[in-house]
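Notes for the structure review
Each chain is listed here by its residues.
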Amino acid sequence: MTTHSLLILPGDGIGPEVMAEVRKIIDWFGSKRDISFDVSEDLVGGSAYDKHGTPLHDDTMAKAQEVDAVLLGAVGGPKYDDLDFSVKPERGLLRLRKEMDLFANLRPAQCFDALADFSSLKKDIVAGLDIMIVRELTSGVYFGEPRGIFNEGNERVGINTQRYTESEIDRVARSAFELARRRGNKVCSMEKANVMESGILWREVVNRVHQESYSDIELSHMYADNGAMQLVRAPKQFDVILTDNLFGDILSDCAAMLTGSLGMLPSASLGAPMANGRPKALYEPVHGSAPDIAGQAKANPIACILSFAMALRYSFDQGDEAARLEQAVESVLASGARTADLMGPEGGTPMATSEMGDAILAALDASL
Ligand code: NAD
């Protein structure tokens, strides 16, 4: 039997609270489904700074490079706001992403029927929505040179540079096509080839990769501004959306909010394939450390639990078990179970974090 190695980094604020629920679920898969995990746990963010004076110890970084997957809770909090930039909690997360070279950021936008009323859009437009945005994460305008604020004549000029190499586009396009093969077999690539040379190259490379290796996948192209309109007009037309760092930043937040609460949103960041053929991977909820509710048992653990479901699918080759976990979440929500962030105007008594975790465990038991 294969043993999957997993490094857990709970982090700060509600991070450890939601991760405690994931630990229960990992144990459930170990005992009830015979999936063997070698789990280690370490510090990141403010908690690592408190112990080591750095938001990510070198030993933790080395461990992250060795394991099959890393699962992170959240980092940050007001206690660390005045720290020097170089040791802020977020620097720990950025170092992980950079040194693991995680170039493909996966942000699913999935609307559970029970929560369709939470969307700002009409229920029939979002009910059953299941799309995946693949955002290039390590290049583009956030990293391109030259950058800075310079003097030019008698005024200043702010400069950032959108820059993509063919190989950077090639590798993230492959990630998107591979994902589409495990989903609805469709990729829509978004750029602004009408006004940007980087967009023209993006489109050319995506077309080449498609022709060379993925002609079984339906590929379409869309200008990113039209993509934004289509996302709120008719989001269910999409399966996988492939886009660059800047457009992906905006489009993924827009798509995520179609589905309701921040407490529901998982993510994955993937890098190059390792010796086992699976990509280097970091899984984490989209939300932060939520200091306003930390320590009050109010946090919704579902975003972190669904991040683990993504790890089951993309790092551990357990797509059926990932679907089992997602269905357990869906059935718990359908039964009316709600943490405080999911309470509608009709009110009621919200569940505590651990009660939501236990309800999902019970639904997993019922699935056997
Ligand atoms: P946040 O995501 O922590 O919280 C925003 C709002 O959403 C808060 O009202 C919070 O209570 C609520 N919320 C978030 N997650 C929730 C959950 N699971 N269940 C219920 N409610 C939830 O964002 P913020 O307040 O802007 O940032 C707080 C701290 O988190 C800051 O230090 C910030 O730098 C850090 N942060 C970290 C990450 C990360 O670790 N990836 C991401 C974003 C923010």
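Residues numbered from 1 in each chain as written. Predicted model: local features only at pLDDT ≥ 70, side-chain atom pairs only at ≥ 80, totals over all residues. Heavy atoms only, no water.

On to helix α7 (residues 197-213), then. Over its 17 residues, α7 runs 24 Å from end to end, which matches the ideal 24 Å to within 8%, given 1.5 Å per residue. Among all positions in α7, only S198, G199, W202, V205, V206, V209 and H210 are buried. The buried residues of α7 occupy an angular sector of 135° when the element is viewed end-on, so they sit on one face. For α7, the exposed residues set more than 90 degrees away from the buried face come down to E197, E204 and Q211. Contacts from the buried residues of α7 go to β5 (130-136), α6 (166-181), β8 (186-191), β9 (218-223) and β10 (240-243). (Helix = DSSP H or I, 4+ residues; strand = E, 2+ residues; numbered from the N terminus. Expected span 1.5 Å × (residues − 1). Buried < 20%, exposed > 50% of the residue type's maximum accessible area, 1.4 Å probe, protein only. Arc of directions from axis to C-beta. Contact = heavy atoms within 4.5 Å.)

Okay, helix α8 (residues 224-233) next. Turning to α8, its buried residues are A224, G227, Q230 and L231. Looking down the long axis of α8, one finds its buried residues gathered within 105° of arc, a one-sided arrangement. Turned more than 90 degrees away from the buried face of α8, the exposed residues are M229 and R233. Looking at the packing, one finds that the buried side of α8 touches β5, β8, β9, β10 and α9 (245-257).

Look at helix α1 (residues 15-32) against helix α12 (residues 353-366): their axes get within 9 Å of each other, and the N-to-C directions meet at 20°. When the axis of α1 is compared with that of α12, the two are roughly parallel. At the point where α1 passes α12, the crossing takes the right-handed sense. Contacts from E17, E21, K24, I25, W28, F29 and K32 of α1 reach α12 at T353, S354, G357, D358, I360, L361, L364 and D365. Split into classes, the residues belonging to the contact of α1 with α12 amount to 6 nonpolar, 3 polar and 6 charged. (Axes fitted to C-alpha atoms, helices over the stretch in contact; angles between N-to-C directions. Parallel < 35°, antiparallel > 145°, perpendicular 65-115°, else oblique. Left-handed = near helix turned anticlockwise from the far one by under 90°. Nonpolar A, V, L, I, M, F, W, Y, C, P; charged D, E, K, R; others polar.)

Glancing now at the environment of V329. Tracing the backbone shows V329 in helix α11 (residues 319-334). Assessed through its relative accessible area of 0%, V329 is described here as buried. Counting along the chain gives 284 residues from V329 to G45, while the straight-line C-alpha distance between them is 28 Å. Residues within four places of V329 in sequence aside, it is in contact with F112, I302, I305, L306 and I360.

Turning next to the packing of aromatic side chains. Counting across every chain of the model gives 6 aromatic pairs. An aromatic cluster is present here, built from W28, F29, F37, F308 and F316 joined pairwise through their rings. (Phe/Tyr/Trp six-rings, centres within 6.5 Å; stacked < 30°, edge-to-face > 60°.)

All right, on to the pattern of salt bridges then. All chains considered together, the criterion is met by 25 salt bridges. In this structure, the salt-bridge partner of D239 is R183, at a minimum N-O distance of 3.0 Å. With D239 in the loop between α8 and β10 and R183 in the loop between α6 and β8, this pair connects stretches of sequence that are 56 residues apart. Taking relative accessible area as the criterion, D239 reaches 8% and is therefore assigned buried. Its salt-bridge partner being R313, residue E326 comes within 2.9 Å of it at the nearest N-O pair. Residue E326 is located in helix α11, and its partner R313 is located in helix α10 (residues 302-314); the two are separated by 13 residues in the primary sequence. Comparing E326 with R313, the two get one shared label, buried. One connected set of salt bridges, linked through shared partners, spans D170, R174, R208 and E212. (Salt bridge = Lys/Arg side-chain N within 4 Å of Asp/Glu carboxyl O.)

Okay, the nonpolar core next. Ranked by internal contacts, the top residues of the largest apolar core, which has 70 residues, are F29, L106, V134, Y283, F308, L325 and I360. Of all the elements, α10 adds the most residues to this core, at 10 residues. Counting residues in hydrophobic clusters, the runner-up holds 18 residues, among them C111, I133, C188 and A224. (Core = buried A, V, L, I, M, F, W, Y, C linked by side-chain atoms within 4.5 Å.)

Here we take up the domain arrangement of the protein chain. Splitting the protein chain by domain gives domain 1 (1-109 + 261-368) and domain 2 (130-258). On a C-alpha basis, the centres of domain 1 and domain 2 stand 26 Å from each other. Between domain 1 and domain 2, the residue contacts involve 18 residues of the former and 20 residues of the latter. Looking only at domain 1, the three residues that lose the most surface to domain 2 are F103, R107 and A109, adding up to 42% of its buried area. Counting across the interface, domain 1 meets domain 2 through 2 salt bridges. A salt bridge links D101 to R171; the shortest N-O distance between them is 3.3 Å. Inspection of the region where domain 1 meets domain 2 yields 7 residue pairs in polar contact (both at pLDDT 80 or more). (Domains from an automatic or database assignment. Buried area = accessible area lost by both parts, 1.4 Å probe. Polar contact = N/O pair within 3.5 Å; in protein donor to acceptor, adjacent residues only side chain to side chain.)

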